[in-house]
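Coordinates in review
So you can see what is in the structure, the chains are spelled out below.
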Amino acid sequence: DFCAHSMARASGLSSAEVAALRLYTGPAFAPMNGALRNKDVSQWATTIACCYSGVLKLSFLSKAARVYRGVREVRERERGLVHDSACAWHRHGPR
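Residues numbered from 1 in each chain as written. Predicted model: local features only at pLDDT ≥ 70, side-chain atom pairs only at ≥ 80, totals over all residues. Heavy atoms only, no water.

So, the side chain of Glu17
The condition is simple: Strands here mean DSSP runs of E at least two residues long; helices mean DSSP runs of H or I at least four residues long; both are numbered from the N terminus. Two N or O atoms count as a polar contact when they lie within 3.5 Å, although within protein this holds only if one can serve as hydrogen donor and the other as acceptor, and sequence-adjacent residues are included solely when both atoms are side-chain atoms.
Turning to its location among the elements, Glu17 is positioned in helix H2 (residues 15-24). In terms of polar contacts, Glu17 uses its side chain to reach the side chain of Ser53, at 2.7 Å.

Shown next as structure tokens:
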């Protein structure tokens, strides 16, 4: 029972927020992201709103920290690879 999880209880998540977050962590993330990208959230509006409020509530349980997006790109740059406009990774500099 995810509603009984200590973090769900500590943050005061509703059962709807727990259900929405569980949906998003499974295969439902694809149509939800698609709806957000296409700016047509009509079918997912309530679920997306519950995810938003659930994440907001959970955020109050953690300390502020720097978050990196695109970690793969950082790792590739560290290995001396760069990304070109054709979406291909290649070595930067002389070979």
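Here's the deal with the packing of aromatic side chains
Spelled out, the test is: In this scheme Phe, Tyr and Trp rings, the latter by its six-membered ring, pair at centre separations within 6.5 Å, and the angle between planes marks the pair as stacked below 30 degrees, edge-to-face above 60, and tilted otherwise. The criterion is that NZ of a Lys, or CZ of an Arg, lies within 6 Å of the ring centre and within 35 degrees of the ring normal, and then a charge sits over that ring.
Taken as a whole and assessed by the stated rule, the structure comprises 0 aromatic pairs. Its end group placed over the ring of Phe2, Arg22 keeps NZ or CZ at 3.7 Å from the ring centre.

Some points on the nonpolar core
Here is the rule we go by: The term nonpolar core refers to a set of buried residues drawn from Ala, Val, Leu, Ile, Met, Phe, Trp, Tyr and Cys, joined through side-chain atoms within 4.5 Å. Exposure categories follow from relative accessible area, calculated using a 1.4 Å probe and restricted to protein chains: below 20% of the type maximum is buried, above 50% is exposed, and the middle band is partly exposed. Between two residues, a contact is recorded if the distance between any of their heavy atoms is within 4.5 Å.
Among the nonpolar cores identified, the biggest contains 10 residues, and these are Ala8, Leu13, Val18, Ala20, Leu21, Ala28, Met32, Ile48, Cys50 and Cys51. Looking at this core, the elements with two or more residues in it are H2 and helix H4 (45-59). In this view, Ala20 contacts Thr47, Cys50 and Cys51; residues no more than four positions away in its chain are not counted.

Quick word on helix H3 (residues 29-37)
Test applied: Directions pointing from the helix axis toward each C-beta atom define the arc.
The set of residues buried in H3 consists of Met32, Asn33 and Ala35. Mapping the buried residues of H3 onto a view down its axis gives an arc of 160°, with all of them on the same face. Packing partners of the buried residues in H3 comprise H2 and H4. In the stretch just after H3, Lys39 is the one whose phi turns positive, near 55°.

Some details on the pattern of salt bridges
For clarity, the threshold we go by: Salt bridge, as used here: a side-chain nitrogen of Lys or Arg that lies within 4 Å of a carboxyl oxygen of Asp or Glu.
Scanning the model with the defined rule gives 1 salt bridge in all. Here Lys57 and Glu17 are joined by a salt bridge, their closest N and O atoms 3.0 Å apart. Pair noted here: Lys57 is in helix H4 and Glu17 is in helix H2, with a separation of 40 residues, a long-range link. Residue Glu17 is classed as buried on the basis of its relative accessible area of 5%.

Function cannot be read off these values alone, since they describe shape.
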